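# Residue-level structural notes
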Protein chains: 2
Amino acid sequence: MRPTPLLTACLLALGLSLPAAHAAEPTKPKYRSASEIIKASPDSDWRTPDPANLLYMELSAGRVIIELAPAFAPEHAGNIRTFAREHFWDGTSIYRSQDNFVVQFGDVDGDDPAKAKSLGSAKKHLPAEFHRAAKGLDFTVLPDSDGWAPQVGFVDGFPAARDPKKGTAWLAHCYGMVGAGRNNADDSSVGAELYVVTGQSPRQLDDNITVVGRVIKGIELLSVIPRGPEPMGFYENASERTPIKSIRLASEVPEAERTPIQLLRADSKTFADAVEARRNRIDDFYKRPAGHIDLCNVPLPARDPKAKK
Amino acid sequence: MRPTPLLTACLLALGLSLPAAHAAEPTKPKYRSASEIIKASPDSDWRTPDPANLLYMELSAGRVIIELAPAFAPEHAGNIRTFAREHFWDGTSIYRSQDNFVVQFGDVDGDDPAKAKSLGSAKKHLPAEFHRAAKGLDFTVLPDSDGWAPQVGFVDGFPAARDPKKGTAWLAHCYGMVGAGRNNADDSSVGAELYVVTGQSPRQLDDNITVVGRVIKGIELLSVIPRGPEPMGFYENASERTPIKSIRLASEVPEAERTPIQLLRADSKTFADAVEARRNRIDDFYKRPAGHIDLCNVPLPARDPKAKK
């Protein structure tokens, strides 16, 4: 089958490849796209996330999976596990969708003491967990820096930043990251009201709010949720909200109902090679390799380990 | 009305403000948020785009308005005007939606000579218009740089980049930017198949493809379009495509049917002050001003000049 020019262009734009029309020059090492590199990865470059760190958010559109980051927000992760165990979010909703920014979910009446759902046995007060000590973290530095932080890279597969002078590290607000909504006080979040980044990375929020994890599957179910009215996307009518059937810890869901998932290790050679292939695309489509990649432009691949390779 | 903590937090996160609970220190100049600055702008800081450069894309969900950038892509803008005048896009569709990347529209059969719609009197071949001479452009430099280009800023309200050594300038792939799909050859686009950025800015495409303009109103109608299957988001079934009723030049639409719109001038003091207010947010919510903003994090405000101020 001869691919259409449009398909060829699109595949190339994505770093995918078609069979070369001509043999590669023997002296030139062949450029491999990120997807080719990932496809050839050994199984040891993939990790299976701990089901005690996974949330299944069940929407009528399907399942969204969030991986918690207890290394950065242990107290919030603890409360979130309690909320999930006690079915706090069942019957709540996604009550805000602001274009090019976030969706937000939880108890829409959470700020009204007269109407708010009980927080159950979750802690009613948590410390701010904006950053932590960089020491003790396996931080994989991205070759490129940006203007938001002295260093950026990955920790446990999460996009992160680090300040070597201060000795602190924090999670970065990239697409799909999940944070804990708060009031003006640093320590005013309890992890009941969560937002998910669905737009251009709002990195100004970095180290200003507690980030609790990231969506590892199903982000496209959240990013298409119709936007609420400007400026902030809170729906005016309850009927516009997206109902949340339930949120459960994967560890509390029967094994047969769990979603098999593995994540590419950010400290693997495959990941580093894929990042480099994206930094400098040398294919028939790209005329000018960027020589650069921003933290939030690095995809964090997930796969179904049971799927046919 | 006492605002709820959640509302307060959200307003602050957006740079909006609530009345201060305490009077500001008299010696300290009061921080004004970007929205306060923009609200106080003089009318002279706004421009009315030329209707001959505006496309109205009519979807069942509403109208999307695209401003063309003839200063960067004069040949493509010329063809696009022809396509609109000759109703080329009427009855075509948005046939691709790839999460965190782009939607793409036009003639889904454009690459199949047997099925493709006639291009009418549009040119069948155009030069690549990836960049142009920087000379002669009123380029407003952003205080911050990034890793994608030696300099970034704004030209005629479009996010742009510049290479002083090469003397070239080009439009940047920020959210809402519109480009001309092409095949592998630089000069294989004619402006019939267009894409709109709906995800994290894919700046690796900068200076690699012809950017023709940007969505100035209605991007939220495009960004919520359900994603097609991976990896590229082309729908498998025609019924999943979003029909395009028509695309017209505003200049060809009766005045009574036009959408009043003005854009904040990127070379105005209001714009510069608003950018600075976002670079360094000093309010009750932000604990650590970023001291930085990325090109694609700068909103480009539009307003209805007839709306009550």
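Because the structure is predicted, anything quoted here is derived from the model rather than measured. (Residues numbered from 1 in each chain as written. Chains lettered and ligands numbered in written order. Predicted model: local features only at pLDDT ≥ 70, side-chain atom pairs only at ≥ 80, totals over all residues. Heavy atoms only, no water.)

### Re the sheet that holds strand β17 (residues 302-303) of chain A
Residues and elements named next belong to chain A. The strand order β1-β16-β17 describes an open sheet built from three strands, whose pairing is antiparallel. Either end of the sheet is taken by a strand with one partner, and the two such strands are β1 (46-47) and β17. Examined bridge by bridge, strand β16 (residues 262-264) and β17 share two bridges and lie antiparallel to one another. When the bridges of β17 are listed, L263 appears paired with A302. (Pairing = 2+ DSSP bridges. Helix = DSSP H or I, 4+ residues; strand = E, 2+ residues; numbered from the N terminus.)

### Topic: the domain arrangement of chain A
Residue and element names in this part refer to chain A. For chain A, the assigned domains read domain 1 (5-16 + 31-47 + 263-303) and domain 2 (52-110 + 139-257). Between domain 1 and domain 2, the C-alpha centre-to-centre distance is 25 Å. Across the domain 1 to domain 2 interface the summed buried area is about 1,400 Å²; carbon plus sulfur atoms make up 66%. For the pair domain 1 and domain 2, the number of links is two salt bridges. Ionic pairing is found between R279 and D144, a salt bridge with its closest N-O pair at 2.7 Å. The interface formed by domain 1 and domain 2 holds four residue pairs in polar contact (both at pLDDT 80 or more) in total. (Domains from an automatic or database assignment. Buried area = accessible area lost by both parts, 1.4 Å probe. Salt bridge = Lys/Arg side-chain N within 4 Å of Asp/Glu carboxyl O. Polar contact = N/O pair within 3.5 Å; in protein donor to acceptor, adjacent residues only side chain to side chain.)

### Section: the confidence of the model for chain A
In the predicted model, chain A carries a mean pLDDT of 92, and the fraction of residues at 70 or more is 90%. Counted against residues more than four places away or in other chains, residues 1-25 of chain A, with its pLDDT under 50, gives 47 contacts. (pLDDT = per-residue confidence, 0-100. Contact = heavy atoms within 4.5 Å.)

### Some remarks on the relation of the copies chain B and chain A
The transform that puts chain B on chain A rotates by 180 degrees and translates by 0.0 Å along the axis, for an RMSD of 0.0 Å. The superposition of one copy onto the other is thereby described by a two-fold rotation axis. Of the C-alpha atoms belonging to chain B, the one lying closest to the rotation axis is found on V224 of chain B, 1.9 Å away. Both copies share a contact surface, since 100% of the interface residues of chain B are interface residues in chain A too. (Least-squares fit on C-alpha atoms with pLDDT ≥ 70 in both.)

### Comments concerning helix α3 (residues 74-85) of chain A
The end-to-end C-alpha distance of α3 of chain A, which contains 12 residues, comes to 16 Å, matching closely the 16 Å that a straight helix rising 1.5 Å per residue would cover. Packed against the buried residues of α3 of chain A are β2 (54-59), β3 (62-68), β11 (177-180), β12 (194-197), β13 (211-217) and β15 (246-249) of chain A. (Expected span 1.5 Å × (residues − 1).)

### Section: unusual backbone geometry
The linkage connecting E230 of chain A with the following residue, P231 of chain A, adopts the cis geometry, with an omega of 0 degrees. Here P231 of chain A lies in the loop between α4 (219-223) and β14 (242-243). A positive phi angle is found at H87 of chain B, which is not glycine, with a value near 60 degrees.

### With respect to the sheet that holds strand β15 (residues 246-249) of chain B
Residues and elements named next belong to chain B. An order of β14-β4-β5-β12-β11-β13-β3-β2-β15 is seen for the nine strands of this open sheet, with the pairing classed as antiparallel. The open sheet has two edge strands with one neighbour each: β14 (242-243) and β15. The pairing of strand β11 (residues 177-180) with strand β12 (residues 194-197) spans three bridges and is classified as antiparallel. Its bridge partner being in β12, G179 is matched across the sheet by Y195. Most of the contacts of helix α3 (residues 74-85) go to β15, to which it runs at about 120 degrees, and overall it touches β2 (54-59), β3 (62-68), β11, β12, β13 (211-217) and β15. (Axes fitted to C-alpha atoms, helices over the stretch in contact; angles between N-to-C directions.)

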